Every structure is written in structure tokens, then in C-alpha cells.
Amino acid sequence: MKKLLTILTVLSMTISINNCDSENFEKEKFEPFKPVISYEEAGKRADSIVAKMSIEEKIEMAGGHNSFYIKGFEQYDIPQLYLSDATQGVHIRKDLSDAMEKSVAFPCPLALTATWNTELAHSYAKSVGEECRAGDIAVLLGPGMNIYRISQNGRNFEYFGEDPFLAARMIENYVTGVQSAGTIATLKHFVANNNEYHRRTTNAIVDERTLHEIYLPAFKAGIDAGAMAVMTAYNQVNNEWAGQSRYVIDSLLREQLGFKWLVMSDWWSTWDPEKTIKSGLNLEMPGDPIMARKVFQDRGNILVKANAKRLIDECRVTEEDIDRMVKGTIRTCIAMGLYDRPVKDEKYLMNFEQHEQVALETAREAIVLLKNENSILPVKDERKILLTGYFVEKLAHGGGSAYVEGYNVISMLEAFKNEFGDKLDYVKNPSDEQIQSADIVLLSIGTMDTEGADRPFELEEEMENRVLETVALNPNTVVIVNSGSGIKMTEWNDKAAAILYSWYLGQNGNIALAEIISGKINPSGKLPMTLEKKFEDSPGYGYLPEGYDLRSDWDIDMEMDFPITDIKYDEGVFVGYRWYEAKKIEPLYPFGYGLSYTVFEYADLEVSHDEIEKGESLEVEFKLTNVGNVAGYETAQLYVGDIEAAVVRPVKELKGFIKIFLNPGESKGVRISLEEKDFSFWDAETKAWKTEPGEFDILIGSSSANIKLSSRVTLR
Ligand code: BGC
């Protein structure tokens, strides 16, 4: 056994131990959500309600009501309950009578993930949960959590990046955050909904090891954290639509992941009422064909509500099947207390200012500084700044059901004017001369990604040319990217002086951007996904069926006339950095990467054991020092690499991280614990996690590509 932290001074040791207590034991400290009424108790109450209901009433409750409600029945004292999107704040539906007046537009979930700050994930989600309470919303239709497999996926902005471990840690905190406000969190979209392109007519062909190692861990973490609802996906999974698949719902979700509560379908995603009833689903959403236009053309009304009675009469399903569906919904609502207290609580309106502050904090920690030639940032006082580009007057944001309009929205122009005053000029279409004569050019570019469509990795031609021209005219160009996913930057990456990857920052995030450019805030975001040089390099390349146009839209999204096409997850577990590392393809910017205005030094790696037995945990300790001149956060990452295994495994995988604040000159000792699970892989034969004895690399880095410290341990 090696000695621990011998190199730290007595003083810093005290600090480090305090910090260890307060910051380093997140795994142990994590408290799952507990419903107000236990599963068993709620089950008994649900049984007594179901026993009183007529078959017609039960069928009525097996589907949604008025597009966004769970049906209520006054005679049984069960009120109707409102379900609302989305992960990044409350999506207000103005057509619904009790719509809220306003809701905070938070930075998108991918931005939240770029903070690597699990506490922030909790307070972000708690804020969203409280806004739900203010708006009479019982169930939040989020968090969305499909893995970033394809940079072209139009919904990546709604999700938590490419790494299952990072996503899992953020999601468990998100879930406890939302539910601590008394709002149900819905984990979605279960599962393998990793592209938007023809999402209803694609069939994800994916093996179980890949599911368990890549696509399920974030769901599992959400379930273990106590999430009380899951939404199935639009796509097929191994030849059956997820919303009516016994394999997906009963086997994967319920048996293998242990989910006990409410399972609802995505909106119009079930096609065979008999299968739907028998799949393990509780609530078919929205339950009625209204609005569904093309989806139901030529198919008639194929929903559960319209067919259940006939199916019972034909002995194809039983009344008990319907009872099971409805009981699951009622039990969940009872356990959350939704039938015993009002959902709406206006006291939460008082917290909106606090929520705005959480949104701003998130933006401050989310922005990723990708390059900073000659320390051009932060902008020095005397510089004349030219601001130009595409998202200066209007915010870039994600679209679809996740869209949140926000209020008191601060444009880049307003935020930058406030920060820089007369030093900053905004010119929409500057002349070459104006670009050349500026000390610094801030060029805003990006994409507006949306549900229902994927979008090219490459920027639109006109925008790409504008970046190329600007960086050619003025080498002091800082490119600000607002996007919900990766974009191709390869042609101008070398020529730009600095690049700030700024996601969709929500209603006040431009303040954070201005603060980072001026130096009031030191950037600390790190990429939650790999940025490839070209789309062809990525694991998802080739996912589009031959001859299909990439740009789909809402009308195409609703079309069911397309043949079902297979999306083969042939890369298996090699998603994100796992792929680039295994294939030895150098990305433009690696997973976990992000610069700071200061410099951190890593030293004194100590592992508690050189050899461990199965079941034993391993303590990994090291020292971080801020050797620069400004205070800042560093996110240190711990990766584990299996040297030799019976199956092909990734070179290394993220198994721990810690975000820590250090003043100039300050050192802190940090500790991350590893459990047996952190060394294991999913064994397809035994259908269980398996740890093989042998050697493992323990790697500590500031990104997946920048490993600062390493050690090797043997598992017996
Ligand atoms: C989306 C879901 C959303 C639902 C209700 C669907 O189109 O895929 O994420 O929750 O609509 O708005």
C-alpha cells in the first residue's frame, strides 16, 4: 500500500481533507429521491381506486387526455394532471388554457453538461421543477438523455453529451433536483433515439453490451436516483417500435434496469394497440389522434383508447392488462403526492429571480474556450472591438418541444455593449476595411438545431465563407460559436485567434459570454463531446440511408410512408472518444477539453493499493495547483483503461471527475474513489457486469487527450 498525500504540507493537508469531505465523495454522498408515499402503500391505494373504475373509465385513462394531460376523475378524487416539456426550462404552450406567463430559458442541457458541475445540475433542475409547480405542471417531460452518437443529430442540445458516466452523474442530480420540488421527472427517450432523421421510421439495430455500456447507464442512474417516469422513443429498437416493445419496456427497462413507475410513450409513436397494451407501457400519449395529421393517414384510429374494448371482447387482451396500465399511472401519482396536494403553488413565482441566477451561473461555467492564441482573451482594456455576425441581435436557440422562449432576454449586442461600452462597435455587414482596422473582431456564428430534423456538420456555405474571409482579413478574430452540437471548424480553426464554444446559453447567458471575454469570469467549461475534424471521421458517419436528403422538417417527421430503415450501431461501444482513440483518429478537439485563463499543475498521484481484490474500492489521490495568476475552476478527469480483456474494450473510459476552484498559487489534494463496477464490462453471455482480473491503467487528465498522471493497478 502506498502512502497517501505525503507531499502536502500540514496546512494544505487540512484544507485537502476538508475539501475531500465536502467535495470529493459525491458518489457516497448522493441521496436518491424518496417518494412521499412508498411503492407498496401507493400500490394498495391505487388498487382500491382501480377496483371502483368502470372498464370504460380505465380505458380512458390508459391514454392521455387533451394532448398533455393525464385524465382525472372527480368521483374518485383524482384530479387531471398536466405534463409539460422540457429539460431546459418550461416550454409554454399558449394554446393551453392554464399556460404560464413566463419561464426562465436556461442554457441547453449540453451546455449544462459542459460545466461538469453536478451541484449545478441539481440546482438547475430544482429551478425547472419549481417553475413547473408555479405553472401547475405535475410532470416534467425531461430530462432528455440520449447519447451524442452523431454530431448531426438535431436534438443533441437537449441531451448530456457522448459519455455515459458524465451523463449519468449529471442526470442523477438533475432527477433529484426536479423531484425535490415535487415535480415528476421523465427520463426520455428510451432508447436508442440518437438521430432525428426519420425518427419514426428508423430501426436502431444495437446489441445488449452496447446498450448497457453506452446507451443505458444514464437511464439507470436516473432510475436509481428515483425518477418516477420514463418516456419511450419514436424509433424501433431491434425491429419493434420502442413504445410497444415488450423487450424495450418489460425486459430492458423494468426487469434489467429495475424501473417500477410510470412509463409513457412519446407522442404518436405506437402502432399496434394489442402490442402496446402488452408491452409494459402505462400511458399512451397523447392518446387521441387529434393533431397527428399524416401519422394516422390511412391507418385509421389505431390507438389503445379506440381499440381496447374490442381487443378485450376478442380475448386478445384482458381487463387485467388495462388494470395494470392504469394502476402504474395512479400508483406513481399517489406516491408523488399528486392526489393529496395541489400541484400549483404560486410561492415558487418568488424564486424566479433565483432561477435566473442559476441560469447565469450555468452559462458562466458552460462556455468552453477552445483556443486562445497569444492570450488574446481576455480582451485588454485599450482594444477597439468590432462585433459582427449572425446571432448578435437575436439569440441562437434550440427548437421543437424543448424550445423555451424566456423573458428579459439579453442579446449579445446588449450584453456586450453593457460590458465594453464605447470600445465596442457593432456592424452587421462590415467592410473589409472595418474588419482590418479593428483591434479585435468578435464574430458570432452558429446553428439553430431542432427536434424533428438532423442538420449538416458543415456550416451553411455563406456562413463558412464569412468566417474564412474574416479570419483572413483580421488574424485577431475571436469566433463565438452558438450551436447545440458539433460543427466543422477545420478550415478556419488555425486562423482564428480564439474560439469560444458557447452552445445555446439561454435568456441571460450572453452576460456570461461578455464576462468571459472581458476577463471578469475565467472560462471553465469542458467539452462533453468530441469535436471531429470532419463528419466522415465520426462513428455515426454513414447512418443515413443512401439517397435520403438530410434536411427533414416537421412534415416529413410526421410521414409514415417511408420504408423502415436500419440504423446499425456497428461501432458498438466505440462512441465518442472511445471511437477516435480505438481508430487512432485525431479529433479537432477531444472530449473533456477546455482552456482556462490560468494554468493548473497536476502532481503526486497516489493510489491506495497496487493490488485490489474484487469488491474492494480504490482511492485515487492527487494534488492540483493553480500556478497562474487568476483564480479558476479545473475539472480533473479520471479514466480507467483495461490492459487486456476477453472482449475488445475502449482504450480508456471516464470513471470519475472533480471540479475544483483554486486561487492563484493554491493547492488542493483531491480524492476520487473507484468501485469494482468501474473496472467492469457488460458480459453478453451472462447478461451481467463482469470484472476480469488483470492490470488496469489509472489515468488522470485535464482532458481525454491530455493525461497528466498515471498509475497501474492489478485486480485479483
Ligand atoms: C418529443 C418529446 C416531447 C413530446 C411532447 C415529442 O415530439 O419527442 O420529447 O416530450 O413531443 O411535446
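Residues numbered from 1 in each chain as written. Predicted model: local features only at pLDDT ≥ 70, side-chain atom pairs only at ≥ 80, totals over all residues. Heavy atoms only, no water.

## As for the environment of Thr490
Move 1: Looking at where Thr490 falls in the secondary structure, it is placed in the loop between strand 14 (477-482) and strand 15 (498-501).
Move 2: Thr490 sits 156 residues away from Ile334 along the chain, and the two C-alpha atoms are 53 Å apart.
Move 3: Those residues in contact with Thr490 that sit more than four places away from it in its chain are Lys533, Lys534 and Leu588.
Move 4: Within the local environment of Thr490, its side chain forms a polar contact with the backbone oxygen of Lys533, the two atoms lying 2.4 Å apart. (Helix = DSSP H or I, 4+ residues; strand = E, 2+ residues; numbered from the N terminus. Contact = heavy atoms within 4.5 Å. Polar contact = N/O pair within 3.5 Å; in protein donor to acceptor, adjacent residues only side chain to side chain.)

## Remarks on the nonpolar core
Move 1: Of all hydrophobic cores here, the largest spans 131 residues; its most connected members are Phe190, Met264 and Ile330.
Move 2: The element contributing the most residues to this core is helix 7 (residues 164-180), with eight residues.
Move 3: Here this core gathers at least three residues from each of two domains, domain 1 (14-29 + 598-715) and domain 2 (39-92 + 103-347).
Move 4: The next biggest cluster of nonpolar side chains, apart from the first, holds 35 residues, and it includes Leu110, Tyr148, Leu370 and Ala396. (Core = buried A, V, L, I, M, F, W, Y, C linked by side-chain atoms within 4.5 Å. Buried < 20%, exposed > 50% of the residue type's maximum accessible area, 1.4 Å probe, protein only. Domains from an automatic or database assignment.)

## Overview of the packing of helix 3 (residues 39-52) against helix 13 (residues 319-335)
Move 1: As a packed pair, helix 3 and helix 13 sit with axes 8 Å apart at the nearest point and diverge in direction by 125°. Relative to helix 13, helix 3 is oriented oblique. Seen along the crossing, helix 3 lies across helix 13 with a hand that is right-handed. When helix 3 is examined against helix 13, the residues Tyr39, Glu40, Ala42, Gly43, Arg45, Ala46, Asp47, Ile49 and Val50 are found in contact with a partner set consisting of Asp323, Val326, Lys327, Ile330, Arg331, Ile334 and Ala335. (Axes fitted to C-alpha atoms, helices over the stretch in contact; angles between N-to-C directions. Parallel < 35°, antiparallel > 145°, perpendicular 65-115°, else oblique. Left-handed = near helix turned anticlockwise from the far one by under 90°.)

## Points about the sheet that holds strand 17 (residues 600-607)
Move 1: Judged by pairing direction, the sheet is antiparallel, and its three strands sit side by side in the order 17-19-22 without closing on themselves. Either end of the sheet is taken by a strand with one partner, and the two such strands are strand 17 and strand 22 (667-674). Across the sheet, the mean angle separating the axes of adjacent strands is 25° when strand polarity is ignored.
Move 2: Pairing of strand 17 with strand 19 (residues 618-626) involves six bridges; the strand directions are antiparallel. (Pairing = 2+ DSSP bridges.)

## Examining a negative patch on the surface
Move 1: On the surface, a cluster of negative charge is made up of Asp432, Glu433, Glu460, Glu462 and Glu469.
Move 2: At the level of secondary structure, the elements contributing two or more residues to the negative patch comprise helix 16 (432-437) and helix 17 (461-473).
Move 3: Exposure remark for Glu433: the relative accessible area of 52% places this residue in the exposed category. (Patch = residues over 30% accessible without salt bridge, like charges linked within 9 Å, V, L, I, M, F, W, Y side chains within 5 Å. Areas by Shrake-Rupley, 256 points an atom, 1.4 Å probe, with all protein chains shown as cover. Salt bridge = Lys/Arg side-chain N within 4 Å of Asp/Glu carboxyl O. Lys, Arg positive; Asp, Glu negative; His and termini not counted. Charge placed at Lys NZ, Arg CZ, Asp CG, Glu CD.)

## So, the sheet that holds strand 12 (residues 424-426)
Move 1: Strand order in the open sheet formed by six strands is 10-15-14-13-11-12, with mixed pairing between adjacent strands. A single partner strand is all that each edge strand has here, and the edge strands are strand 10 (368-372) and strand 12. For this sheet, the mean inter-axis angle between neighbouring strands, taken without regard to orientation, is 20°.
Move 2: With three bridges joining them, strand 11 (residues 385-389) and strand 12 adopt parallel strand pairing. Bridge assignment links Ile385 to a residue of strand 12, and that residue is Leu424.
Move 3: Of the strands in this sheet, strand 13 (440-446), strand 14 and strand 15 are in contact with helix 18 (residues 509-518), which crosses strand 15 at around 150°.

## What about the site of the ligand?
Move 1: Taken together, 14 residues are adjacent to the ligand, and Asp85, Arg155, His189, Asp266 and Glu451 come closest.
Move 2: With respect to the ligand, the side chain of His189 contributes an N or O atom lying 2.7 Å from an oxygen atom.
Move 3: Here Arg199 contributes a side-chain N or O atom positioned 3.4 Å from an oxygen atom of the ligand.
Move 4: Partitioned by chemical class, the residues of the shell around the ligand number five nonpolar, two polar and seven charged. (Near = heavy atom within 4 Å. Nonpolar A, V, L, I, M, F, W, Y, C, P; charged D, E, K, R; others polar.)

## Observations regarding the side chain of Ser502
Move 1: Mapping Ser502 onto the fold places it in the loop between strand 15 and helix 18.
Move 2: Looking at Ser502, its side chain comes within polar contact range of the main-chain oxygen of Leu500, at 3.2 Å.
Move 3: In this structure, Ser502 is in contact with Ile367, Ile480, Val481, Asn482 and Leu513, ignoring residues within four places of it in sequence.

## Side note on the packing of aromatic side chains
Move 1: A full pass over the atoms with the stated rule returns 26 aromatic pairs.
Move 2: Consider the rings of Phe457 and Phe535, whose centres lie 6.2 Å apart with planes at 35°: the pair is tilted. Highlighted residues: Phe457 in the loop between strand 13 and helix 17 and Phe535 in the loop between helix 18 and helix 19 (554-558), separated in sequence by 78 residues. Take Phe457 and Phe535: they sit in the same class, and that class is buried.
Move 3: Each member of the aromatic cluster is reached from another via a ring pair, and the members are Trp116, Phe165, Tyr577, Phe591, Tyr639 and Phe657. (Phe/Tyr/Trp six-rings, centres within 6.5 Å; stacked < 30°, edge-to-face > 60°.)

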